[in-house]
Amino acid sequence: MAAPTKFIMMVSYYGTGFVGWQRQAASATGGKLMLSVQDVIEDAVTSIFRPHERVNVTSVSRTDANTHALQQYCTFVVDVPSPNTTDILAQINAALPKTVLAQSLAVVDPSIVKYRTKSKLKKYVYYIQQGQRPVHETSPYSWFIGKKLDLDKLRQALALITGTHDFRTFSQGLQKESFADLNTLRTITECKVVPRRKVDFSLDLALAGTGPILETDPANLDENFIVCIEITGNGFLRHMVRRIVGTLRSVGEGRSGPELMTQVLRGEVEPGPSVPARGLWLHRSWMTQADFDAEH
């Protein structure tokens, strides 16, 4: 009998129509059968390795309903002699729907199998359409705001949350007393606001998220463009990025100053509402600090 082998797999997916990464109990979805990304990946892996016993696939990160991911890592353990990762990856992709793509597969070093697999840093990107009216083709992957945003003010606001802070006030549901002892300190290492004329929303790792950058101030631009809000950190709370962007909207539209971000962190004012999940992408995950440093 083959010894158990632990695999780590990178997957990309369009989150539209999924309840997020994690499978949900029927009670959590009103009794409706709603698929998670975890469901369809487990279906594919199980069909290849253990048709009569479900294989558990565990993610390094979770995503909300309708959130997309370009680089999300997950792991699973199966008994397989002399695993050929190239062949297995092809079999998994053949069993997956077209909206989910397994990008890479590797065997986890046996010396670290017993340790929990987790990422060191992650980058989320939120895409905001700007222009006279939304572009239908990009609407499933971005959020349209008609009023032009002041990008410099957005950058000033994001600078105020860069570093290590308690982000409890930007989270969803963690203000209850039952979560009082939960560690909500997180470190944001980098924030960027990048205006692009258009963005590639494919699942191609080399192209996704790229597009020609607007070198001039887009304030008076008549054509549509995309504001890409990039936030990199060591961890994120539920709805944290979506609430940060929801708060930024008030700053970008001139209804509040950049200091609003500090006021929210201090609990002096409420954050903006969570913006729609369709504009949010888990864009990049670094499994080690060395991986991150090599790209910076």
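Residues numbered from 1 in each chain as written. Predicted model: local features only at pLDDT ≥ 70, side-chain atom pairs only at ≥ 80, totals over all residues. Heavy atoms only, no water.

**Examining the pattern of salt bridges**
Part 1 of the reasoning: Summed over the entire model, instances satisfying the criterion amount to 12 salt bridges.
Part 2 of the reasoning: The salt bridge partner of R54 is E42, with a shortest N-O separation of 3.0 Å. Of the two residues, R54 sits in the loop between α1 (37-49) and β2 (58-59) while E42 sits in helix α1, which places them 12 residues apart along the sequence.
Part 3 of the reasoning: For E42, a relative accessible area of 0% translates into the label buried. (Salt bridge = Lys/Arg side-chain N within 4 Å of Asp/Glu carboxyl O. Helix = DSSP H or I, 4+ residues; strand = E, 2+ residues; numbered from the N terminus. Buried < 20%, exposed > 50% of the residue type's maximum accessible area, 1.4 Å probe, protein only.)

**Here we look at the side chain of E230**
Part 1 of the reasoning: Position of E230 relative to the elements: it lies in strand β9 (residues 225-233).
Part 2 of the reasoning: Filtering out sequence-adjacent residues up to four positions away, E230 remains in contact with K123, Y124, V125, E190, C191, K192, V194 and R196. (Contact = heavy atoms within 4.5 Å.)

**What to know about helix α3 (residues 151-159)**
Part 1 of the reasoning: Residues of α3 that are buried include every one of L151, L154, A157 and L158, and no others. For α3, the angular spread of the buried residues around the axis is 115 degrees, confining them to a single face. (Arc of directions from axis to C-beta.)

**Looking at unusual backbone geometry**
Keep in mind that most residues, glycine aside, have a negative phi and that most peptide bonds are trans.
Part 1 of the reasoning: A positive phi angle is found at S82, which is not glycine, with a value near 45 degrees.
Part 2 of the reasoning: With respect to the helices and strands, the residue S82 is situated in the loop between β3 (68-79) and α2 (85-95).
Part 3 of the reasoning: A relative accessible area of 71% means that S82 is categorised as exposed.
Part 4 of the reasoning: For H239, which is not a glycine, the phi torsion comes out positive at approximately 65 degrees.
Part 5 of the reasoning: Looking at where H239 falls in the secondary structure, it is placed in the loop between β9 and α4 (240-252).
Part 6 of the reasoning: Take H239: its relative accessible area is 14%, and that puts it in the buried class.

**Quick look at the domain arrangement of the protein chain**
Part 1 of the reasoning: Considered domain by domain, the protein chain is made up of domain 1 (5-112) and domain 2 (121-294).
Part 2 of the reasoning: Centre-to-centre, using C-alpha coordinates, domain 1 lies 26 Å away from domain 2.
Part 3 of the reasoning: With 23 residues of domain 1 at the interface, the matching set in domain 2 holds 21 residues.
Part 4 of the reasoning: Together domain 1 and domain 2 conceal approximately 1800 Å² of surface at their shared face, both sides included; 62% is due to carbon and sulfur atoms.
Part 5 of the reasoning: In this assembly, domain 1 and domain 2 are joined by one salt bridge.
Part 6 of the reasoning: Applying the counting rule to domain 1 against domain 2 returns 10 residue pairs in polar contact (both at pLDDT 80 or more). (Domains from an automatic or database assignment. Buried area = accessible area lost by both parts, 1.4 Å probe. Polar contact = N/O pair within 3.5 Å; in protein donor to acceptor, adjacent residues only side chain to side chain.)

**With respect to the environment of P134**
Part 1 of the reasoning: Here P134 shows up in the loop between β5 (121-130) and β6 (143-144).
Part 2 of the reasoning: For the pair P134 and N220, spaced 86 residues apart in the sequence, the C-alpha separation amounts to 17 Å.
Part 3 of the reasoning: Aside from chain neighbours lying at most four places away, what touches P134 is Q129, S139, F144 and N224.

**Some points on the nonpolar core**
Part 1 of the reasoning: Core analysis: the largest hydrophobic core is formed by 62 residues, its most contacted members being M9, I41, F76, I92, F167, I229 and I244.
Part 2 of the reasoning: Each of domain 1 (5-112) and domain 2 (121-294) contributes no fewer than three residues to this core.
Part 3 of the reasoning: Among all residues touching F167, those that are not within four sequence positions of it are I161, T184, R186, I188, L237, M240, I244 and L265. (Core = buried A, V, L, I, M, F, W, Y, C linked by side-chain atoms within 4.5 Å.)

**So, the packing of aromatic side chains**
Part 1 of the reasoning: Within the structure shown, the criterion is met by 13 aromatic pairs.
Part 2 of the reasoning: Between Y14 and W281, the ring centres sit 6.0 Å apart and the planes meet at 90 degrees, which makes this aromatic pair edge-to-face. With Y14 in the loop between β1 (4-13) and α1 and W281 in strand β10 (residues 280-286), this residue pair connects regions lying 267 residues apart in the sequence. With respect to burial, Y14 and W281 carry one shared label: buried.
Part 3 of the reasoning: The rings of Y14, Y127, Y141, F201 and W281 are connected pair by pair, giving a single aromatic cluster. (Phe/Tyr/Trp six-rings, centres within 6.5 Å; stacked < 30°, edge-to-face > 60°.)

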